[in-house]
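Coordinates in review
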There are 2 protein chains.
Amino acid sequence: MSEKPKIGLDLFGGDNAPNSNLEGAIFALKNGYIDELYLIGGEESLKNDLPKEIRSRIKLIKAENIVDNHTKPTEVLKLKKSSIYIGNEMMKKGELDAFVSAGNTGALLAAGTFITGRISGIDRPALVIPLPGKGGKPRILVDGGANAELKPAHFISLAKEGVAFAKFLGIKEPKVHILNIGTEESKGTKLVKEAAEYLKSDPKINYIGFVEGRDIFEKEIDVIVTDGFTGNNMLKTIEGTAYYILSELKEKISNGGLLVKLGALLMKKSLKGLKSSLDYRQYGGTFFLGINGILVKAHGSSDSEAIANALSVANKAVKENIVDKIKEML
Amino acid sequence: MSEKPKIGLDLFGGDNAPNSNLEGAIFALKNGYIDELYLIGGEESLKNDLPKEIRSRIKLIKAENIVDNHTKPTEVLKLKKSSIYIGNEMMKKGELDAFVSAGNTGALLAAGTFITGRISGIDRPALVIPLPGKGGKPRILVDGGANAELKPAHFISLAKEGVAFAKFLGIKEPKVHILNIGTEESKGTKLVKEAAEYLKSDPKINYIGFVEGRDIFEKEIDVIVTDGFTGNNMLKTIEGTAYYILSELKEKISNGGLLVKLGALLMKKSLKGLKSSLDYRQYGGTFFLGINGILVKAHGSSDSEAIANALSVANKAVKENIVDKIKEML
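Here is a short report on the structure shown in this document. The structure presented is a predicted model; accordingly, all values stated were derived computationally and were not measured.

Paired through backbone hydrogen bonds, the strands of a sheet run either parallel or antiparallel to each other. Residue and element names in this part refer to chain B. Taken in spatial order, the eleven strands line up as S3-S2-S1-S4-S11-S10-S5-S6-S9-S7-S8 in an open sheet, and their pairing is mixed. Every other strand in the sheet has two partners, leaving strand S3 (58–61) and strand S8 (207–211) as the edge strands with one partner each. Taking the axes of each pair of neighbouring strands and ignoring which way they run, one obtains an average angle of 25° across the sheet. Across three bridges, the pairing between strand S7 (residues 176–179) and strand S9 (residues 223–225) is parallel. Bridging across to S9, valine 176 finds its partner in valine 223.

Right under this line is the structure:
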C-alpha cells in the first residue's frame, strides 16, 4: 500500500459518462475524499478545464477503444486501448492501487480476472454487494452477478470475499449463510447442499447454515453466499418489490382524500428516508473481490455523487488493504 | 365435471388445524362458497358438533396416519391412511373433484404426482402462484417451489400450467416470460437459454422473452416461468423485502414526532391497504397444476378465512375445468 492511494477512474464508463464522472472526480478531490486521481480516458486538452486548485492531483491517461454495454466480456481483452483495459493494466503494474468504473460489468470482471489477475488461492472473483437491513448495519451478498453458474467448491472463494468485505465495513467475526429455500439440511439443490459441506469444512469460515430469502434482512445475518444467477435475481427482485411498494403507496396517496394527502405531507420526511434506507448504493459502490487489486464497480446509472462515493470507498479499501483481508483467510 | 363439485378438505393439514380448517369449512358451506364437502380426517363423532343446517352437505372420512412437516415427501406414499393419501386416492377414483390441503407441500406434490397422477403430456407438475402487481391484475409465477431442479424441456410443462392458471384468473392470451438476470438472449445460465428455445418452438405458448426480477410487477407481465429453487427464493425475497419495508416504516413512525404520528394516523387506511395489496394469498390458495385433478395448496399458516377462500377457489376451478385448460394446450 502506498502512502497516498493512487485511484484510477474510468471516465467513459456509465450512463452519465463522461460528465458525471468528471464532476464526481472533481468533487472527490476538492473534498479530500481522495488524494490522487488517474482519469483514464482523459485527453491532455481536458487539463485546462480542471479547477486550478486540484489540477496537480489529476493525471490524465489517454484511452481510445470504446467498451459499451454491447461489448462481450472477453472482447475487452483485445481492446487494449480501452479505459477498462488500461485501468486494470495499471493496477497490475502497481501504477494504480484501485480502479473505479461504472462501465460494463461483464467486461470489468473479465479484465479484472485476466489482466489484473486473481489472488492465488481464489478460484472465482465475484461481485460483493452490501445490502441494507435491520440493526442499522449492512449485510453482504456474494455473488451479486459475476458468475451465473458455479460449482459447489467455488462457494469457498465467495464466502471469503464476503467475509473480507464485511470486515471492511466494520462487522466483527462475520457469520456466513448460504441462501436456500429452506433451513433444513435436506432442502434445496445439489449445488447448495454440497456447497454447505465445503463451507463447513473450512476452519476460517464461520459458517452458520442456510438462510431463506424472507430472512435476509434480519439483524443476525452478515454474509449471504449464493451463485451469481440467484444473487443477481435476488437483488433485482428486492429492487422491483421496493419500487412496486413505493409506487402503490404513491397511488394510494394520490387517490386518497384530502386528509390522506395531509397525512402524507406530515410523513414526507419519513417516507423519503424509507426510500433511501432501501438503497443498496448507500454504502457507495460494490467490489469485484478475489482479484489482486481493488476493482470498484459503480452503478451504471451513477450520478456525480455516486462516483464521488465510489472513489471514496476505493480510497478507504486501499488504506485498509482489503486484498490482504482475503489473503489472511487462505 | 359433476353438477355439484365435490370438494375435499384435509382436516389435519396446516399450523392451525384442525380448528381453523373446520371453521373455514363451516363458513364456506354456510355462505354457499361450496355445495358439498368431504372432510378428510373427520371422525363420525364430529357430526353432532356441526351446525344442523349444513350437516347433510358434509361427509366425514376417517384418516389415521399423521403427515407433518417432518414427513419426507415420498414417505406419504406409504402412509395410506393419511388424509393427504386418502384425498388424492379419492380424486383418482373420481370421488372428489378437488382436494384442498394446508399441509406439507412436498408430501402433497408427491401424492398428487404419484397417486392422482400427472396429466399425460405434462412431465412436471408445479406450484403455480398468483402474485399481485401493477394494473390491478395478478401475474402467475411457476414453479413456486415444487421442483428445485429442472431440465430446460420441463419449462414447457411449467409454461402451460402458468397459462392455464392465468386464463382461469381471467387473463386473455397470457404472455409468457422466463425469469433471467438480463433480457438479452446471451444473458443467464445454460438452463434458461435452452428453456427459451423450447418455449419459442411451441406454437401453443405465447413466449415473449426474458424478464428481470425488477420488472415482474409491471403491467404487461402475465406468466413468469422459472425453476422451483429460483421461484421459491423469489417469493420469499418479495415477502422479506415487503416485511422489511413495512417494519422500517413502522419504526420511522414510532421514532417520529407528534406530527409524523398524526400523519400516519391519517394514512392508516392507505398503509393497511398497502399491506394487503402485497399479499399473494389474496387470490386464495395456490395450485399444484399438471396433475390429473385439482389440488389446492392453502398456506401453512391458513386461518379459517384462508381455508374458506381456498375451498371457494377450488370450487371455481372445478366449474371452469382448469385441468382441461391445460389439456387443450397439449
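Two chain copies here: they are related by a rotation about an axis and a translation along the same axis. With an axial shift of 0.0 Å and an RMSD of 0.0 Å, the rotation relating chain B to chain A amounts to 180°. In short, the pair behaves as if placed about a two-fold rotation axis. Relative to the rotation axis, the closest C-alpha in chain B is found at glycine 263 of chain B, a distance of 1.8 Å. The residues that chain B uses at the interface reappear at the interface of chain A in 100% of cases, marking a shared surface.

What follows deals with a positive patch on the surface. All names here are of chain A. There is a patch of like positive charges on the surface, built from Lys250, Lys268, Lys272 and Lys275. Top element by residues in the positive patch is helix H9 (residues 268–277). It accounts for three residues. Relative to the helices and strands, lysine 268 resides in helix H9. For lysine 268, a relative accessible area of 53% corresponds to the exposed category.

The next thing to look at is the sheet that holds strand S9 (residues 223–225) of chain A. Residues and elements named next belong to chain A. On the basis of which strands lie adjacent, the open sheet formed by eleven strands has the order S3-S2-S1-S4-S11-S10-S5-S6-S9-S7-S8 and mixed pairing. Of all strands in the sheet, those bounded by a partner on one side alone are strand S3 (58–61) and strand S8 (207–211). On average, each strand axis in the sheet is inclined to that of its neighbour by 25°, with strand direction left out of account. For strand S4 (residues 98–101) and strand S11 (residues 294–297), the ladder comprises four bridges, and the chain directions are parallel.

Definitions and cut-offs
Residues numbered from 1 in each chain as written. Chains lettered and ligands numbered in written order. Predicted model: local features only at pLDDT ≥ 70, side-chain atom pairs only at ≥ 80, totals over all residues. Heavy atoms only, no water. Pairing = 2+ DSSP bridges. Helix = DSSP H or I, 4+ residues; strand = E, 2+ residues; numbered from the N terminus. Axes fitted to C-alpha atoms, helices over the stretch in contact; angles between N-to-C directions. Least-squares fit on C-alpha atoms with pLDDT ≥ 70 in both. Contact = heavy atoms within 4.5 Å. Patch = residues over 30% accessible without salt bridge, like charges linked within 9 Å, V, L, I, M, F, W, Y side chains within 5 Å. Areas by Shrake-Rupley, 256 points an atom, 1.4 Å probe, with all protein chains shown as cover. Salt bridge = Lys/Arg side-chain N within 4 Å of Asp/Glu carboxyl O. Lys, Arg positive; Asp, Glu negative; His and termini not counted. Charge placed at Lys NZ, Arg CZ, Asp CG, Glu CD. Buried < 20%, exposed > 50% of the residue type's maximum accessible area, 1.4 Å probe, protein only.

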